[in-house]
Amino acid sequence: MAQQTASAPLDDTAVLDAKPLRTLTPMFPAPLGLHTFTPQNSPSFVCVTPFGPYAGGTALGTAAVPSTFAAPTPAAEPSQTQLHTATMNGAAQANGTAAAVNSLVSPSQTPLSAGLLESGKRKRGRPKRVPDATVPLAPSAPPAATVPPVTSLPLVPSAPQESGNIVSLTSAATPQESGKRKRGRPKRVQDVPVPGPPASQVDSTPVVQTLPGPTVHEPSTRKRGRPKRLQDSLDISTSPIHSKGDPPPQLPSAATSPESGKRKRGRPKRMLDGSATPSSHSGYSIEDDAVDTLKRGRPKKIDTSLLQLPSLFSDDPRETADNVLMMFDALRRRLVQLDDVKQVAKQQHNLKAGSIMTNAELRVNKNKRIGEVPGVEVGDMFYFRIEMCLVGLNSQSMAGIDYLSAKFSNEEDPVAISVVSAGVYDNTEDDPDVLVYSGQGMSGKDDQKLERGNLALERSLLRGNPIRVIRSVKDLNCPTGKIYIYDGLYKIKEAWTEKGKSGFNVFKHKLLREPGQPDGIAVWKKTEKWRENPSSRDHVILLDISYGVESKPICLVNEVDDDKGPTHFTYTTKLTYGNSLSSMRKMQGCKCTSVCLPGDNSCSCMHRNAGDLPYSASGILVSRMPMLYECNDSCTCSQNCRNRVVQKGTQIHFEVFKTGDRGWGLRSWDPIRAGTFICEYAGEIIDRNSVNGEDDYIFETPPSEQNLRWNYAPELLGEPSLSDSNETPKQLPIVISAKRTGNVARFLNHSCSPNVFWQPVLYDHADEGYPHIAFFAIKHIPPMTELTYDYGQSHSIQLGSGSGCRKSKNCLCWSRKCRGSFG
């Protein structure tokens, strides 16, 4: 070996360091033990190849060599296989080929292992994948004319022969898989170590630049996560060879897609299957259609201009925020109903509904801000954190600290704008005006670090900016759930570091509530005590106005004046039909054995309700209907059936209280979720002609009331629009008086911006003209909030001869949408 390499003139040679080695092939064979071919007065370069002393050449390589050197030679022994060098001139190089991959491996070469192929420092993450197909072995000594060309790599087109120029080679390693590309992680192309010349030779000779091919996975720094999918190609051709004077071609990186910017985390973009189109110079260009392919898993943006959605946005920020939250909860309830029918696994319907709203741009207060948020008031409650994101109260779906970079004078600092105390950390919340908030971070494994949210809180202590505080309580109707309450603005007064229960340091921040704000969490703490002991309520006139008729006592409270209570009436939870009930048609019952199940096509009650059960498993109404049909006494299902809600009566702790200017009103000690049944309007069904104009406890369906859509937008779920229905609301003939007999519904006052709506329900007869009138919550209603519904537009009705007219009254609801009167 030493004698052979000594015969090669290495004084004026160029070293070719080419990766991968598969593309480097001899330009001519080395028969009869001759391993160099260098014409006089021509520059040469050293080609390091794994060829034995008697290796054969390719067909193209033989064509460039005189016939005296083309004779085949006997095969070498496997033990004699070793590395050799050869020098060639530029003209001979131009006639070479990159196709003969088989001739690169000696007969004794074994399949490469993963451990041998890895070069440099081992990268973090999954280990490198070893190709399934082993490298084929070259025949020992075949004739030059019998060596078949490798079809997987096309021939290199010849370049202009320019003697004296150094040649730039482009690697063209391609996947060996045939047929359809398999899904999953792409196979890693192994880095093949190439032996090079001694250091002394490298220092004295120019190095040929090697351009990476589009399918070689050799990024400078491997990014963590799944690699991006490369475009599958059936038509791959090697780039033409360029001379030294030509500008280097711009090739796409093998590990990245053509998109610009930082690599995004998550699933990679799916590239279109198709042929790669060579550019005018060299390399490959991916078509624009492939770049426009959407990422997997990321929902498309919804063009709301193509949908017939109700208007959510108005001049009143409060109304806009309420509309956004009501539509979100309507979508969430509908998603739950659809999944109940499919009987699929439990999903996070709140996140799916929030994603739909976000992609449709149905949210408000998108920009972060310090201080109050338009449309959000102290005491507002949220059942999901995504609801706070939709109204801009807190943009963090998981983290507890929301912050931004704000400019103070000429300096810029990251400051906290809101915090959520969700019970994850050891926060102290005994005092409704003081919150000791713990910093964020893995305090159970290491000390918390002064970064991100912790740094923002530290800078807020210095800057003294107000911070929105959201506290949490347990959901009474869902033991595993939480309710988040916006408690107003706080400021950090002091901060320190202390050892936590885990033994590591945690940051502590003492926040004090700003004075002059409405009560937030303090109301919840009061009502919690009242539910346990109603007598602890101040200014109570009567502990239970129902005298035990209701399942929960209803307190009568007056904090305004000395009035001892409303006019006398008989408390009842029933709707009195008189003698007409016996003559009404009975409802047909279902034949369900235990309970009515979603998706059961044999359930007649489900078919009456437009093919769906109207309530969720927890008794929440999904959407308002022209008529709701509950199971009745003729049904074979049990009393635990989810389609029996109104007939079971109310389950809320009510309080009848004295208002300042509207008589007696009704509110609750419990939080009421949107869609919750509140109560039924009990009383006597009377004839319209016998109505007394002075009766203030009359319920009748307003003839001018539009069908309340309750902000359900089926278009967002791909369902038919509700506006396509030709059904128009009609006035029911029923008139109910609760002057002499009634229940808590008689204390529901009017409001032009109500939080309660009425829904006709049938369950004890089939006469649709005289249904039960049930009230449901339009939106989430915090404790101690007055319950109101819309009595209807102002109008006068002729009630018959001698009965006079029921006059309209001035409205005192004081809402921004107040019409001024109601009738």
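Residues numbered from 1 in each chain as written. Predicted model: local features only at pLDDT ≥ 70, side-chain atom pairs only at ≥ 80, totals over all residues. Heavy atoms only, no water.

**What about the overall build of the protein?**
Point 1. In terms of regular secondary structure, the protein is built from twelve helices and 32 strands.
Point 2. Burial status across the protein gives 47% buried among its 823 residues.
Point 3. Relative to all contacts within the protein whose residues are 6 or more apart in sequence, the contacts with residues 24 or more apart total 74%.
Point 4. On the protein, roughly 42300 Å² of surface is accessible, and the fraction owed to carbon and sulfur atoms is 51%. (Helix = DSSP H or I, 4+ residues; strand = E, 2+ residues; numbered from the N terminus. Buried < 20%, exposed > 50% of the residue type's maximum accessible area, 1.4 Å probe, protein only. Contact = heavy atoms within 4.5 Å. Areas by Shrake-Rupley, 256 points an atom, 1.4 Å probe, with all protein chains shown as cover.)

**Some thoughts on the packing of aromatic side chains**
Point 1. Applying the stated criterion to the full structure yields 16 aromatic pairs.
Point 2. An angle of 75° between the planes, with centres 6.3 Å apart, marks the rings of Phe328 and Phe384 as edge-to-face. Taken together, the residues Phe328 in helix H7 (residues 317-342) and Phe384 in the loop between strand E6 (381-382) and helix H9 (385-391) connect sequence positions 56 residues apart. Assigned by exposure class, Phe328 and Phe384 land together as buried.
Point 3. Seen in terms of ring centroids, Phe757 and Phe776 are 6.1 Å apart; in terms of plane orientation they differ by 25°. Their pairing is stacked. Linking Phe757 in strand E26 (residues 756-762) with Phe776 in strand E27 (residues 772-777), this pair joins segments that are 19 residues apart in sequence. Here Phe757 and Phe776 have matching classes, each one buried.
Point 4. By the ring-pair criterion, three or more aromatic residues cluster together here, those being Tyr681, Phe699, Trp758, Phe775, Tyr789, Tyr791 and Phe822.
Point 5. Lying over the aromatic face of Trp530, Arg537 brings its terminal NZ or CZ to 4.2 Å of the ring centre.
Point 6. For Arg667, the ring lying beneath its charged end belongs to Phe657, and the centroid distance is 3.8 Å. (Phe/Tyr/Trp six-rings, centres within 6.5 Å; stacked < 30°, edge-to-face > 60°. Lys NZ or Arg CZ within 6 Å of the ring centre and 35° of its normal.)

**Brief notes about helix H10 (residues 452-463)**
Point 1. Helix length check: H10, at twelve residues, gives a terminal C-alpha distance of 16 Å against a target of 16 Å (1.5 Å per residue), a fit within 8%.
Point 2. Within H10, the full set of buried residues consists of Gly453, Asn454, Ala456, Leu457, Arg459 and Ser460.
Point 3. Considering only its buried residues, H10 is in contact with strand E7 (401-408), strand E8 (411-421), strand E9 (434-438), strand E10 (467-475), strand E11 (478-499) and strand E12 (505-513). (Expected span 1.5 Å × (residues − 1).)

**Topic: the nonpolar core**
Point 1. Among the nonpolar cores identified, the biggest contains 40 residues, and Phe382, Leu393 and Leu716 are the most heavily contacted of them.
Point 2. At the level of secondary structure, the elements contributing two or more residues to this core comprise H7, helix H8 (349-359), E6, H9, E11 and helix H11 (521-532).
Point 3. For this core, the element with the most residues is H7, which contributes seven residues.
Point 4. Residues in contact with Leu393, not counting those within four places in the same chain, are Val373, Val376, Phe382, Met388, Ser418, Arg468, Ile470 and Tyr486.
Point 5. Of all hydrophobic cores here, the second largest spans 36 residues; its members include Leu556, Phe569, Tyr697 and Leu732. (Core = buried A, V, L, I, M, F, W, Y, C linked by side-chain atoms within 4.5 Å.)

**Focus on the packing of H7 against H8**
Point 1. Close contact between H7 and H8 brings their axes to 9 Å; oriented N to C, the two are set at 130°. One way to sum up the angle between H7 and H8 is to call them oblique. Here H7 runs over H8; the crossing is right-handed. Judged by residue contacts, Val324, Met327, Phe328, Leu331, Arg332, Leu335, Val336 and Asp339 of H7 engage His349, Asn350, Lys352, Ala353, Gly354, Ile356 and Met357 from H8.
Point 2. Looking at side-chain class alone, the contact of H7 with H8 contains nine nonpolar, three polar and three charged residues. (Axes fitted to C-alpha atoms, helices over the stretch in contact; angles between N-to-C directions. Parallel < 35°, antiparallel > 145°, perpendicular 65-115°, else oblique. Left-handed = near helix turned anticlockwise from the far one by under 90°. Nonpolar A, V, L, I, M, F, W, Y, C, P; charged D, E, K, R; others polar.)

**Considering the sheet that holds E27**
Point 1. With mixed pairing, four strands are arranged side by side in an open sheet as E17-E26-E27-E20. Looking along the sheet, the strands with just one partner apiece sit at the ends: strand E17 (628-629) and strand E20 (677-680).
Point 2. Inspection of the sheet shows E26 paired to E27 by six bridges, in the antiparallel sense. Bridge pairing links Val761 to His772 in E27. (Pairing = 2+ DSSP bridges.)

**Observations concerning H11**
Point 1. Between its terminal C-alpha atoms H11 stretches 17 Å, which fits the 16 Å expected from twelve residues at 1.5 Å a residue.
Point 2. For H11, every residue scored as buried is listed here: Ile521, Ala522, Val523, Trp524, Thr527 and Trp530.
Point 3. The inward-facing, buried residues of H11 abut E6, E10, E11 and strand E18 (654-658).

**So, the pairing of E11**
Point 1. Where E6 meets E11, two bridges bridge the pair, whose relative direction is antiparallel. When the sheet's bridge partners are listed, Met381 is paired in E11 with Ile485.
Point 2. Where E10 folds back onto E11 in an antiparallel hairpin, the turn is made up of two residues.
Point 3. Relative to E12, E11 runs antiparallel, the two being bridged by nine bridges. Residue pairing in the sheet places Tyr490 in a bridge with Arg513 of E12.
Point 4. In this antiparallel pair of consecutive strands, E11 and E12, the connection spans five residues, and Gly503 shows a positive phi of 95°.

**Points about a negative patch on the surface**
Point 1. Together, Asp430, Asp431, Asp433 and Asp519 make up a region of like negative charge exposed at the surface.
Point 2. Of note, Asp431 is situated in the loop between E8 and E9. (Patch = residues over 30% accessible without salt bridge, like charges linked within 9 Å, V, L, I, M, F, W, Y side chains within 5 Å. Salt bridge = Lys/Arg side-chain N within 4 Å of Asp/Glu carboxyl O. Lys, Arg positive; Asp, Glu negative; His and termini not counted. Charge placed at Lys NZ, Arg CZ, Asp CG, Glu CD.)

**Topic: the confidence of the model for the protein**
Point 1. When pLDDT is averaged along the protein, the result is 72; 58% of the residues meet or exceed 70.
Point 2. Per-element mean pLDDT across the protein ranges from 31 in strand E5 (residues 284-285) up to 98 in E20.
Point 3. The model gives residues 44-120 a pLDDT under 50, and that stretch makes 180 contacts with residues more than four places away or in other chains. (pLDDT = per-residue confidence, 0-100.)

**Quick word on unusual backbone geometry**
Point 1. The phi dihedral of Arg452 falls on the positive side, at around 50°, and the residue is not glycine.
Point 2. Within the secondary structure, Arg452 is located in helix H10.
Point 3. The backbone of His539 sits at a positive phi, close to 60°, despite the residue not being glycine.

**Here we look at the sheet that holds strand E13 (residues 540-542)**
Point 1. Read from one edge of the open sheet, four strands run E13-E14-E18-E19, paired in mixed fashion. The open sheet is flanked by E13 and strand E19 (664-668), the only strands paired with a single partner. Each adjacent strand pair in this sheet contributes to an overall mean axis angle of 35°, direction not counted.
Point 2. In this sheet, E19 lies alongside E18 in antiparallel orientation, the contact comprising five bridges. Residue Phe654 lies in a different strand from E19, and its bridge partner there is Ser668.

**Focus on the environment of Arg531**
Point 1. Take Arg531: it is sitting in helix H11.
Point 2. With 138 residues separating them in the primary sequence, Arg531 and Trp669 have C-alpha atoms 7.2 Å apart.
Point 3. When residues no more than four places from it in sequence are discounted, the contact partners of Arg531 are Leu476, His653, Trp669 and Asp670.
Point 4. Within the structure, Arg531 has its side chain in polar contact with the backbone oxygen of Trp669 (distance 2.9 Å). (Polar contact = N/O pair within 3.5 Å; in protein donor to acceptor, adjacent residues only side chain to side chain.)

**Describing the pattern of salt bridges**
Point 1. Summed over the entire model, instances satisfying the criterion amount to 35 salt bridges.
Point 2. The shortest N-O distance in the salt bridge between Arg452 and Glu451 comes to 3.3 Å.
Point 3. Among the ionic pairs, Lys809 bridges to Asp696, the shortest N-O distance being 2.5 Å. Here Lys809, found in strand E31 (residues 809-810), pairs with Asp696, found in the loop between strand E21 (683-685) and strand E22 (698-700); they are 113 residues apart in sequence, far enough to count as distant.
Point 4. For Asp696, a relative accessible area of 47% gives the class partly exposed.
Point 5. A single network of salt bridges, built from pairs that share partners, joins Arg318, Asp322, Glu377, Asp380 and Lys779.

**Overview of the side chain of His349**
Point 1. Mapped onto the elements of the fold, His349 is located in helix H8.
Point 2. Assessed through its relative accessible area of 13%, His349 is described here as buried.
Point 3. Here the side chain of His349 touches Asp339 through a polar contact of 2.7 Å, side chain to side chain.
Point 4. Apart from the residues within four sequence positions on either side, His349 is in contact with Arg332, Leu335, Val336 and Asp339.

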